[in-house]
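# Architecture at a glance
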2 protein chains.
Amino acid sequence: MSYVLGIDGGGSKTVCILMNGSGKVLGRGEAGASNYQSIGVEAALTSIQCAVNAAVIEGLKLTDTIKIEAICFGLAGVGRSQDNEVVKNIFEELKISQFLPIHWAVSLSNIVICNDALIALVGGIGNDVGIVVAAGTGSIVFGRNSQGVTKRVGGWGYILGDEGSAYKIAVAGMQAALKSYDGREMSTRIIEDLKQHLGLSNIEDLIEVIYQRGWGVKEIAALAPIIDVAAAEGDEVANKIINEAVEELVQATSTVINAIFSPREFIEIVTTGSVWQSKCKMRERFTASIVTKFPAVKVILPRHEPAYGACLLALKKLVGEKEI
Amino acid sequence: MSYVLGIDGGGSKTVCILMNGSGKVLGRGEAGASNYQSIGVEAALTSIQCAVNAAVIEGLKLTDTIKIEAICFGLAGVGRSQDNEVVKNIFEELKISQFLPIHWAVSLSNIVICNDALIALVGGIGNDVGIVVAAGTGSIVFGRNSQGVTKRVGGWGYILGDEGSAYKIAVAGMQAALKSYDGREMSTRIIEDLKQHLGLSNIEDLIEVIYQRGWGVKEIAALAPIIDVAAAEGDEVANKIINEAVEELVQATSTVINAIFSPREFIEIVTTGSVWQSKCKMRERFTASIVTKFPAVKVILPRHEPAYGACLLALKKLVGEKEI
């Protein structure tokens, strides 16, 4: 029996799934971050080792020997040719460092290295045609058509882009609150909500929270639900921010559709990321807007997780077929 | 003869001016940054010591003994009560550590500690009534009326605000360039201008420049002239960004006028900061827009530098008069 490994390596965690040649999941493991561009190759390797170990140990409860014939690394920020070399070296280290009864039989052509957006698309839809609209701490829209042509829009990070992301919603909410406090714009309950959530006696102390406590993108993005709840409960300023975020995601999705699909084509669009757990119906607003523009599209929830998508891409190498 | 010291302490340099009781400048010194919230109290103290030393040494060429009777610290980010304690301690250290023939005769009530916006206002206008519109790396609008009531709008820093600043213009330019590259928005020459300026073969490499080279707010803000020049030479996207920046500054200024001045009152508005050196006539756009809304205002260039304003505030303590 052949096996494949699918690895979803991100900025907060790494997931590995072990799948057999028939598409059955035999093991799953989780570990820490593996975006080596931020945390370094050594730390990324450790996370990947741990996630693979956990998945294989689970699989060994069901079978004696595991012969890995294909592997897919779906990693955040990967895309350029130098990345391929780094990931191939990580794979070599991974093979050497494993003390589990794994039989490595992965030919060079059976190593898939791709962006985390592609594995989210394949996992989310269950095949490799469609669009993923990922909106978590950051945001990216990524599509692939039936000819294999891909198109990415966004994904430029928190300074250069990430429109519609939790980070951008949180920042827009804080900016609106301070403009309101200054007397520049209409009043909003976001001021009081932020004060309460952060335990501030004065909204001016937001400066200390944001600039002096060493807060990063994730800590700021985690404030997005405050704006979301305010919008859900009717705050006009919050609703304007949410609508702008939705329209940014609609515009990015429309750009992908126009670039690689026909306007009347049936396309599945899968939404992933924390932003879609919105209380103020961001997903419904998004769906209503995109379906008005492209009546043949269908917005779905993820059918599987990204690491499962990575397995499908590895499996596709193994069976050598177009359809998975 | 009495003397005063005026200190302008900012994030990139510190300026000290020595003035006599008649308002004549006798010395001027410059040193490094002194925003102690970022660089620490020790480093800030060193910069202030050096700037004071240089000003006093210049003054000693003209007079034998210097009796300092009042001092004004105009420091970036200062405003809260705990700041006053820190600055007073800095002053105590300053007095102990000076080996120049200075006679310190500053009573507690003759120490002025204020925000850098106030000294920019007083220096720029030459008295303490009016509005300063500061737009450099960051932005803030600060006004003071003839009753001494002050109003600040903006100044919330690069994440929470700084609308109309060089940082915000640069970021908006890069975002627009990448949206254009994605196919989301109309084309702009900013893409080619950024590539040329930064020596990039592909605009996607902007990610590496911004996130991996350790660039800070100042390095990003230094890209603003690229958008400014593109606007001056007719680029539509760049002009939209510049107009939005101008309107943010007009809105902030209008909020200050409405808060503490009468709509038809004669008010001098002084513009300070690198943004106003714009090639695409940002200052003219700002003036045209604000004068349309408030016909009695007059937009002026700074008459003196902020450290001179600090001296005027110190001098006011000395003479104990309302008018300076």
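Residues numbered from 1 in each chain as written. Chains lettered and ligands numbered in written order. Predicted model: local features only at pLDDT ≥ 70, side-chain atom pairs only at ≥ 80, totals over all residues. Heavy atoms only, no water.

## Remarks on helix H3 (residues 81–97) of chain A
All names here are of chain A. For H3, spanning 17 residues, the distance from its first C-alpha to its last is 25 Å, which sits close to the expected 24 Å at 1.5 Å a residue. Taken as a whole, H3 has its buried residues at Asp83, Val87, Ile90, Phe91 and Leu94. Buried positions in H3, seen along its axis, are confined to an arc of 105° and lie on one side of it. Facing away from the buried side of H3, by more than 90 degrees, are the exposed residues Ser81 and Ile96. Of the surrounding secondary structure, the elements contacted by the buried residues of H3 are helix H1 (36–39), helix H2 (41–59), strand E4 (66–75), strand E5 (102–104) and strand E6 (111–115). (Helix = DSSP H or I, 4+ residues; strand = E, 2+ residues; numbered from the N terminus. Expected span 1.5 Å × (residues − 1). Buried < 20%, exposed > 50% of the residue type's maximum accessible area, 1.4 Å probe, protein only. Arc of directions from axis to C-beta. Contact = heavy atoms within 4.5 Å.)

## A closer look at the relation of the copies chain A and chain B
With an RMSD of 0.1 Å, the fit of chain A onto chain B corresponds to turning through 180° and sliding 0.0 Å along the axis. Overall, the copies show the geometry of a two-fold rotation axis. The position closest to the rotation axis in chain A is occupied by the C-alpha of Ile159 of chain A, lying 4.8 Å away. The fraction of interface residues of chain A whose copies in chain B are also interface residues reaches 97%, indicating that both copies meet through the same surface. (Least-squares fit on C-alpha atoms with pLDDT ≥ 70 in both.)

## So, the UniProt feature "domain: ATPase BadF/BadG/BcrA/BcrD type" (unreviewed entry) in chain A
Feature annotation in UniProt assigns "domain: ATPase BadF/BadG/BcrA/BcrD type" (unreviewed entry) to the following positions: residues 5–314 of chain A. Structurally, residues 5–314 of chain A comprises 47% helix and 21% strand, and the distance from its first C-alpha atom to its last is 7 Å. (UniProt positions renumbered as here; feature names shortened; annotations may be inferred.)

## A look at the environment of Ser289 of chain B
All names here are of chain B. Residue position: Ser289 is located in helix H12 (residues 282–293). Given the relative accessible area of 16%, Ser289 is considered buried. Sequence-wise, Ser289 and Val246 are 43 residues apart; in three dimensions their C-alpha atoms are separated by 8.6 Å. Residues contacting Ser289, with those up to four places away along its chain left out, are Glu247 and Val250.

## Digging into the sheet that holds strand E7 (residues 130–135) of chain B
Residue and element names in this part refer to chain B. Sheet architecture is open: five strands sit in the order E9-E8-E7-E10-E11, paired in mixed fashion. Bordering the open sheet on either side are strand E9 (150–154) and strand E11 (297–300), each of which pairs with just one other strand. Averaged over all neighbouring strand pairs, the angle between strand axes comes to 15°, with direction disregarded. Pairing of strand E10 (residues 267–272) with E11 involves four bridges; the strand directions are parallel. Counterpart to Val270 in the pairing with E11 is Ile300. (Pairing = 2+ DSSP bridges. Axes fitted to C-alpha atoms, helices over the stretch in contact; angles between N-to-C directions.)

## So, the environment of Val112 of chain B
All names here are of chain B. Within the secondary structure, Val112 is located in strand E6 (residues 111–115). The sequence separation of Val112 and Val171 amounts to 59 residues, and the corresponding C-alpha distance is 36 Å. Apart from the residues within four sequence positions on either side, Val112 is in contact with Ile71, Cys72, Phe73, Leu313, Ala314 and Lys317.

## Overview of the sheet that holds strand E10 (residues 267–272) of chain A
All names here are of chain A. With respect to topology, five strands assemble into an open sheet ordered E9-E8-E7-E10-E11, the strand pairing being mixed. Each having just a single partner strand, strand E9 (150–154) and strand E11 (297–300) make up the two edges of the open sheet. The sheet shows a mean angle of 15° between the axes of neighbouring strands, taken without regard to direction. Strands strand E7 (130–135), E10 and E11 of the sheet are contacted by helix H12 (residues 282–293), whose axis makes an angle of about 170° with E11.

## Concerning the environment of Arg189 of chain A
Residue and element names in this part refer to chain A. Mapped onto the elements of the fold, Arg189 is located in the loop between helix H6 (166–182) and helix H7 (190–198). A residue is classified by how much of its surface remains accessible, and Arg189, at 30% relative accessible area, is partly exposed. Each C-alpha atom, one on Arg189 and one on Ala172, is 14 Å from the other, the two residues being 17 residues apart in sequence. Each residue touching Arg189, except ones within four places of it in the same chain, is listed here: Val229, Ala230, Glu233 and Asp235.

## Observations concerning the interface of chain A and chain B
Each partner contributes residues to the interface: chain A has 35 residues there, and chain B has 35 residues. For the pair chain A and chain B, the summed buried area comes to about 3,100 Å², and 54% of that belongs to carbon and sulfur atoms. Sorting the residues of chain A by area buried against chain B places Trp156, Leu160 and Arg184 of chain A first, and these three jointly supply 26% of that buried surface. Counting across the chain A and chain B interface gives four salt bridges. A salt bridge links Glu248 of chain B to Lys179 of chain A, with the shortest nitrogen-to-oxygen separation between them at 2.8 Å. For the pair chain A and chain B, the interface holds 24 residue pairs in polar contact (both at pLDDT 80 or more). (Buried area = accessible area lost by both parts, 1.4 Å probe. Salt bridge = Lys/Arg side-chain N within 4 Å of Asp/Glu carboxyl O. Polar contact = N/O pair within 3.5 Å; in protein donor to acceptor, adjacent residues only side chain to side chain.)

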